[in-house]
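What follows is each chain in one-letter form.
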Amino acid sequence: MFSLKGKVALVTGSSRGIGRGIAISLAEAGADVVVNYAGNAKAAEECADIIRSKGQKALVIQADVSEEDQVKAMFAEIMKEFGRLDILVNNAGTSQDKDIFAMDKADWDRIIKTNLTSGMLCSKSAMEIMSEQKCGRIIFISSVVGERGALYGHIHYAATKSGQIGMTKTLARTAAPYNITVNAIAPGFIATELFLQTHGEEEMKKLAASVPLGIGSLEDIGAAAVYLASDEARYVTGATLDVNGGNNFR
Ligand code: NDP
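These numbers come from a predicted model, not from an experiment.

To continue, consider the site of the ligand. Around the ligand, 31 residues are found, and the nearest of them are Ser15, Arg16, Gly39, Tyr157 and Thr192. The separation between a nitrogen atom of the ligand and a polar main-chain atom of Val65 is 3.1 Å. Within the contact set of the ligand, an oxygen atom lies 3.4 Å away from a backbone nitrogen or oxygen of Gly188. Relative to its unbound accessible surface of 900 Å², the ligand loses 93% to contact with the protein. Looking at the shell around the ligand, the elements that each hand over two or more residues are helix H1 (17-28), strand E2 (32-37), helix H6 (155-175) and helix H7 (193-199). Top element by residues in the shell around the ligand is H7. It accounts for three residues. For the shell around the ligand, the per-class residue count stands at 13 nonpolar, 14 polar and four charged.

Looking now at the nonpolar core. Ranked by size, the top nonpolar core spans 32 residues in total, and within it Leu4, Ile22, Leu26, Ile51, Val89 and Ile185 carry the most contacts. Counting residues per element, the ones that place at least two in this core are strand E1 (8-11), H1, E2, helix H2 (41-53), strand E3 (58-62), strand E4 (87-90), strand E5 (136-141) and helix H9 (218-229). Counting residues per element, this core draws most heavily on H9, at six residues. Not counting residues within four places of it along the chain, the set of residues in contact with Ile22 comprises Val11, Val89, Ile141, Ile221, Gly222 and Ala225. Counting residues in each nonpolar core, the second largest holds 29 residues, with Leu88, Met127, Ile138 and Val182 among its members.

The strand order across the open sheet built from seven strands is E3-E2-E1-E4-E5-E6-E7, with neighbouring strands paired in parallel fashion. Bordering the open sheet on either side are E3 and strand E7 (240-243), each of which pairs with just one other strand. Within the sheet, the average angular offset between the axes of one strand and its neighbour, ignoring direction, is 20 degrees. Its contacts with the sheet put H2 on E2 and E3, and the angle it makes with E2 is roughly 170 degrees.

At a minimum axis distance of 9 Å, the contact between H1 and H2 shows a crossing angle of 20 degrees. Taken together, the axis directions place H1 and H2 in an arrangement best described as roughly parallel. The handedness of the crossing between H1 and H2 is right-handed. From H1, Arg20, Ala23, Ile24 and Ala27 reach across to H2, where they touch Ala43, Glu46, Cys47, Ile50 and Ile51. Of the residues contributing to the contact of H1 with H2, the split by class is seven nonpolar, no polar and two charged.

Definitions and limits used
Residues numbered from 1 in each chain as written. Predicted model: local features only at pLDDT ≥ 70, side-chain atom pairs only at ≥ 80, totals over all residues. Heavy atoms only, no water. Near = heavy atom within 4 Å. Polar contact = N/O pair within 3.5 Å; in protein donor to acceptor, adjacent residues only side chain to side chain. Areas by Shrake-Rupley, 256 points an atom, 1.4 Å probe, with all protein chains shown as cover. Helix = DSSP H or I, 4+ residues; strand = E, 2+ residues; numbered from the N terminus. Nonpolar A, V, L, I, M, F, W, Y, C, P; charged D, E, K, R; others polar. Core = buried A, V, L, I, M, F, W, Y, C linked by side-chain atoms within 4.5 Å. Buried < 20%, exposed > 50% of the residue type's maximum accessible area, 1.4 Å probe, protein only. Contact = heavy atoms within 4.5 Å. Pairing = 2+ DSSP bridges. Axes fitted to C-alpha atoms, helices over the stretch in contact; angles between N-to-C directions. Parallel < 35°, antiparallel > 145°, perpendicular 65-115°, else oblique. Left-handed = near helix turned anticlockwise from the far one by under 90°.

This is the structure in structure tokens:
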């Protein structure tokens, strides 16, 4: 139903996990996709191969999205290859299993830079392109944690996920005159490496049992991204779409 034929998408952190799932879903809907990664080249190439097997173009770019010069170089490469960018998904992110007693300023700075500063840098570069095109879609991958707080004291992670929602609402106002929408997806528990590292296998089972619809899949988040990226979502902006199986009701 939602076609992304002819669109070019960048999904940050799409070598693994939710980002990879979104990249594949966008390709299945007809988009060409830029696969970005930080260090895991093999996983990024695997994702690109899956996209190509679906008949779409894939471009793999290594860039730490928390570093301004690397972000600028990535966008320049995208423009050189495709000459346009229609969809940006700010997905790259990380976490750490520390509460306020255990964390120090270096921990705080690292999580803020990776999860939040990256979204500002990539959105700025995307806005420069999309405002000229007079169309575009920007999607932040926030979290249920950004709405109800983290369960185990991860204040740095929670601050970034709430911060992405604030950025979404504010950027939506700036972007609207250019026919660009800006939205967030707030996933609940999705079984990725990040989730397993932060919570462990046993804890994950307990958490799954606490959610009415259990743990979510990569496809659940991918479908939400396809909708928000589509023409049909043209009147949706500044919104946070909960995809959490009943984890949190607002
Ligand atoms: P994973 O750890 O499975 O994957 C993280 C991805 O981000 C990898 O592709 C990694 O690249 C990339 N990445 C990390 N740091 C950078 C960086 N500095 N520059 C570029 N790429 C980077 O995480 P998830 O898939 O679980 O999480 C993805 C997003 O979803 C995050 O924003 C997270 O907060 C959010 N989220 C996750 C939930 C979950 O339950 N899993 C729930 C709610 C939100 P590489 O492979 O090269 O390391």
